[in-house]
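# Coordinate inspection notes
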Amino acid sequence: MIKIYQPSSGINAEYGQCKILVVGAGGLGCEIIKCLAMSGFRVVHVIDMDTIDLSNLNRQFLFNPSDIGKPKAEAAVRAVMDRVPGLSYTAHYNKIQDFGDDFYLQFNIVICGLDSVQARRWMNSTILNIALETGNIIPLLDGGTEAFKGHVRVVVPTHTACIECTMDLYTPQRNYPLCTIANTPRLPEHCVEYAKIVLWPKEAPFGEGVSVDGDSHEHISWLYSKALERANTYSIPGVTYRLTQGVTKRIIPAVASTNATIAAACVTECLKIATSSYMHLDNYMLFNNVEGVYTFSYPCEKKDDCLVCSKVVKEVTREREDTLQALLNYLRDEHSLQNPIITTATAEGESRTIYMSAIAQLKDNAEKKLTELNLVDCQEIVVTDSSLKSPVVFRLKFND
């Protein structure tokens, strides 16, 4: 029997109608949705592209065994609405990229409970782009957890540091939720982890009970071949032998208590903003529960040449003899771009794409020198990437 939650009669009706978007309905997202419902927020939309797996049930408490295989967003919304009367919650079983600016413009506050840095960057880019083009300021609250550590941040577009300003706060992602690995792989690392976590114990290629040896060429080769097959199935580029060897590491488990703590902090900040009852966090809070409980908050500073919020042309210096591959490596290493597409303009002012990995002829340009591609000193190049909503302009400078 479901026990119905009765909210306090003193809840302010005005802030209750504040329209909230929750991005992610996993371990952290479930906690955020529950906290919003019990804090009196009546109008909430939830986006998640994932479905429920058995491994989710130990911490994603809005789900039960009968929900396995169903969309997380739909199951989470249904579970909360069954328990709290008067809610108008809407589920979207979609990718965040499926919606345009008009969709995001309808919300007063956006809360992210994501496990992907790239998805965070895309949402951040979208909200910043809306602010710069329309003047609409939609606060973005971002929560994140990893085992006994977590963070909360408040991004007020054009006023505070955005997520892209502080990409150095995020270590390279090496730990991936099992539900993402099994159901919705998006990165080459997901394919490697699938081969290791799912296929290895299932197929036992070197005998029952033999565990993966990261130093064994035979073991890594087997994982590489299986990861490559899965990557081809989902059209995911980037699986290499070297990547397979690097990713073959343990997965840090999600901890339910950390999710609950960070979700409560996110919704507290949401309540502050919606009611103007107290100053919101300025603008980053770190939580560490490894040994005792430690929190620390400080204001992250805006980056003058941020790819997203500065909108200035970035200068990149290369040698004339450099290949396009060297430029691509720079974009990936220095700006964390995943799969950049490079476009420039001809002398007649027409757009010309010089690199796109999905097109073989353009992919081959990577081995050509920059000068062979008719790139000149001080020429502007436009770079688009799946992690950013808007293109970024770079000015190419040659060392003479």
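Let me begin by describing the structure that accompanies this report. (Residues numbered from 1 in each chain as written. Predicted model: local features only at pLDDT ≥ 70, side-chain atom pairs only at ≥ 80, totals over all residues. Heavy atoms only, no water.)

In this section: the environment of Ser-357. For Ser-357, the location among the structural elements is in the loop between strand 11 (351-355) and helix 12 (360-363). On a C-alpha basis, the gap between Ser-357 and Asn-339 in space is 7.5 Å, while along the polypeptide they are 18 residues apart. When sequence neighbours within four positions are dropped, the list of residues in contact with Ser-357 reads Asn-339 and Lys-363. (Helix = DSSP H or I, 4+ residues; strand = E, 2+ residues; numbered from the N terminus. Contact = heavy atoms within 4.5 Å.)

Once that is clear, we can look at the side chain of Asp-142. By the element assignment, Asp-142 lies in strand 5 (residues 140-146). Overall, the relative accessible area of 0% leaves Asp-142 in the buried class. Among the polar contacts listed, one links the side chain of Asp-142 to the side chain of His-151, at a separation of 2.8 Å. (Buried < 20%, exposed > 50% of the residue type's maximum accessible area, 1.4 Å probe, protein only. Polar contact = N/O pair within 3.5 Å; in protein donor to acceptor, adjacent residues only side chain to side chain.)

For the rest of this paragraph, the subject is the pairing of strand 1 (residues 19-23). Across a regular strand the side chains alternate sides, sitting on one face of the sheet and then on the other. Among the five residues that make up strand 1, four are buried, leaving the element largely enclosed by the rest of the structure. Pairing of strand 1 with strand 2 (residues 43-47), which is carried by five bridges, proceeds in the parallel orientation. Looking at strand 2, one finds that Leu-21 is bridged to His-45. Handedness of the strand 1-helix 2 (residues 27-38)-strand 2 crossover: right-handed. Direction of pairing for strand 1 relative to strand 4 (residues 109-113): parallel, over a ladder of four bridges. By the bridge assignment for strand 4, Val-22 is matched with Ile-111. (Pairing = 2+ DSSP bridges. Right-handed = clockwise from strand over helix to strand, strands pointing away.)

Attention now goes to helix 5 (residues 117-134). With 18 residues, helix 5 should reach 26 Å at 1.5 Å per residue; the first-to-last C-alpha distance of 26 Å fits that figure. Across the 18 residues that make up helix 5, a large majority, 15, are buried. Where helix 5 begins, the capping side chain belongs to Ser-116, and its oxygen is found 3.3 Å from the backbone nitrogen of Gln-118. Of the residues flanking the end of helix 5, it is Gly-135, one or two places downstream, whose phi is positive at about 85°. (Expected span 1.5 Å × (residues − 1).)

For the pair helix 7 (residues 188-203) and helix 8 (residues 217-233), interaxial distance at closest approach is 8 Å and the crossing angle is 115°. It follows from the interaxial angle that helix 7 and helix 8 lie roughly perpendicular. Along this stretch, helix 7 crosses helix 8, giving a crossing that reads as right-handed. Contact with helix 7, carried on its side by Cys-191, Val-192, Tyr-194, Ala-195, Lys-196, Leu-199, Trp-200 and Glu-203, involves His-219, Trp-222, Leu-223, Lys-226, Ala-227, Arg-230 and Ala-231 of helix 8 and no other residues of that element. (Axes fitted to C-alpha atoms, helices over the stretch in contact; angles between N-to-C directions. Parallel < 35°, antiparallel > 145°, perpendicular 65-115°, else oblique. Left-handed = near helix turned anticlockwise from the far one by under 90°.)

With 53 residues, the main nonpolar core has Tyr-104, Val-110, Met-123, Leu-324 and Ile-342 as its most contacted residues. When contributions to this core are tallied by element, the ones reaching two or more residues are strand 1, helix 4 (101-104), strand 4, helix 5, helix 11 (324-335), strand 11, strand 12 (379-384) and strand 13 (392-399). Sort the elements by how many residues they give to this core and helix 5 lands first, with seven residues. Leaving out residues up to four positions away in the same chain, Leu-324 has contacts with Ile-342, Ile-354, Tyr-355, Asn-365, Ala-366, Lys-368, Leu-370 and Leu-373. Membership of the second largest hydrophobic core comes to 42 residues, among which are Ile-33, Leu-36, Val-44 and Val-267. (Core = buried A, V, L, I, M, F, W, Y, C linked by side-chain atoms within 4.5 Å.)

Just distances and angles here, no functional claims.
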